[in-house]
Amino acid sequence: YFPAISLTGYLGSESVALGSLFTGPAGIWKFAAALSQPLWGGGRIDAAVQIATVRQQQALAQYQGAIQNSFREVRDALMAQLKAREQFDAETQRVTALRETLRLAKLRYDNGLASQLDLLDAERNLLAAQQNRIDALRAQRAAIAGLFKALGGGWT
């Protein structure tokens, strides 16, 4: 918004000393060109200020969006970790119950009250539950790694 005075020459001429800036026709031409150019810019300065303001607002909006996205990622990672832990706990309880079922099936088989098919069925159910528990543990650890990533690498 303010005019500027250039000490070097416009159109290739140069002032030798600051005291001789206003002496001679070239010095006056330099001063007049440097002074009048910023005063009348055809709205360029206002446009440049508006562009800078819009860019600043755009950068602020992007920053706020990045912060909102990071909070959303942390919230989602916490929920995924919580659900994975609940699934693992449920599978652990299921394995415990099926171990007891297998123990009782062995007792019934040993006493002649159940067939070998019942015993094999109890073993198959226990093995499937153990496999599901391992999958739930893997999912829980993956959720913890996702939470670690969402928090930016760790927490104290």
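Summarised in this report is the structure supplied together with it. (Residues numbered from 1 in each chain as written. Predicted model: local features only at pLDDT ≥ 70, side-chain atom pairs only at ≥ 80, totals over all residues. Heavy atoms only, no water.)

### Some words on the overall build of the protein
A count of helical and extended segments in the protein gives 3 helices and 0 strands. Listing each helix as α and each strand as β along the protein from the N terminus yields α-α-α. A separation of at least 24 residues holds for 59% of the contacts in the protein among residues at least 6 apart in sequence. If you sum the accessible surface of the protein, you get close to 11800 Å²; carbon and sulfur atoms cover 61% of it. (Helix = DSSP H or I, 4+ residues; strand = E, 2+ residues; numbered from the N terminus. Contact = heavy atoms within 4.5 Å. Areas by Shrake-Rupley, 256 points an atom, 1.4 Å probe, with all protein chains shown as cover.)

### Description of the pattern of salt bridges
This model, assessed by the stated rule, comprises 4 salt bridges. Where Asp-76 meets Arg-75, a salt bridge forms, and the shortest distance between an N and an O atom there is 3.7 Å. The partner of Glu-100 in a salt bridge is Arg-103, with the nearest N and O atoms 2.6 Å apart. Of this pair, Glu-100 and Arg-103 both sit in helix H2 (residues 44-110), separated by 3 residues, roughly a single helical turn. (Salt bridge = Lys/Arg side-chain N within 4 Å of Asp/Glu carboxyl O.)

### Observations concerning the nonpolar core
Within the largest apolar cluster, 8 residues are counted, these being Val-95, Leu-98, Leu-102, Ala-105, Leu-119, Ala-122, Leu-126 and Ala-129. Looking at this core, the elements that each hand over two or more residues are H2 and helix H3 (116-150). Setting aside its immediate chain neighbours within four residues, Leu-126 contacts Val-95, Leu-98, Arg-99 and Leu-102. (Core = buried A, V, L, I, M, F, W, Y, C linked by side-chain atoms within 4.5 Å. Buried < 20%, exposed > 50% of the residue type's maximum accessible area, 1.4 Å probe, protein only.)

### Notes on the side chain of Glu-91
Residue placement: Glu-91 occurs in helix H2. Using a relative accessible area of 9% as the deciding quantity, one classes Glu-91 as buried. Those residues in contact with Glu-91 that lie beyond four places of it in its chain are Ala-129, Asn-132, Arg-133 and Ala-136.

### As for a nonpolar patch on the surface
A surface patch of nonpolar side chains, about 430 Å² in accessible area, is lined by Leu-60, Tyr-63, Ile-67 and Phe-71. Relative to the elements of secondary structure, Ile-67 occurs in helix H2. Overall, the relative accessible area of 32% leaves Ile-67 in the partly exposed class. (Patch = residues over 30% accessible without salt bridge, like charges linked within 9 Å, V, L, I, M, F, W, Y side chains within 5 Å.)

### What to know about H3
Taking 1.5 Å as the rise per residue, H3 with 35 residues should run 51 Å; its terminal C-alpha atoms sit 51 Å apart, in good agreement. Regarding H3, the residues found buried are Leu-119, Ala-122, Leu-126, Ala-129, Ala-136, Gln-140, Ala-143, Leu-147 and Ala-150. For H3, the elements touching its buried residues are H2. Phi for Gly-152, located one or two positions after H3, is positive at around 90°. (Expected span 1.5 Å × (residues − 1).)

### Quick notes on the side chain of Gln-81
With respect to the helices, strands and loops of the structure, Gln-81 is situated in helix H2. Those residues in contact with Gln-81 that lie beyond four places of it in its chain are Gln-140, Ala-143 and Ile-144.

### A few points about H2
In an α-helix, one turn spans 3.6 residues, which is why side chains three or four residues apart end up on the same side. End to end, H2 covers 97 Å across 67 residues, agreeing with the expected 99 Å (1.5 Å per residue, within 8%). Among all positions of H2, only Val-74, Ala-77, Gln-81, Ala-84, Phe-88, Glu-91, Val-95, Leu-98, Leu-102 and Ala-105 are buried. Contacts made by the buried residues of H2 are with H3. Looking one or two residues past H2, Gly-112 carries a phi angle of roughly 80°, positive in sign.

### So, the packing of H2 against H3
In contact at an axis separation of 7 Å, H2 and H3 are set at 165° when each is read in the N-to-C sense. In terms of axis orientation, H2 runs roughly antiparallel to H3. Read as a crossing pair, H2 and H3 show a hand that is left-handed. Of the residues belonging to the contact of H2 with H3, the class tally is 22 nonpolar, 9 polar and 8 charged. (Axes fitted to C-alpha atoms, helices over the stretch in contact; angles between N-to-C directions. Parallel < 35°, antiparallel > 145°, perpendicular 65-115°, else oblique. Left-handed = near helix turned anticlockwise from the far one by under 90°. Nonpolar A, V, L, I, M, F, W, Y, C, P; charged D, E, K, R; others polar.)

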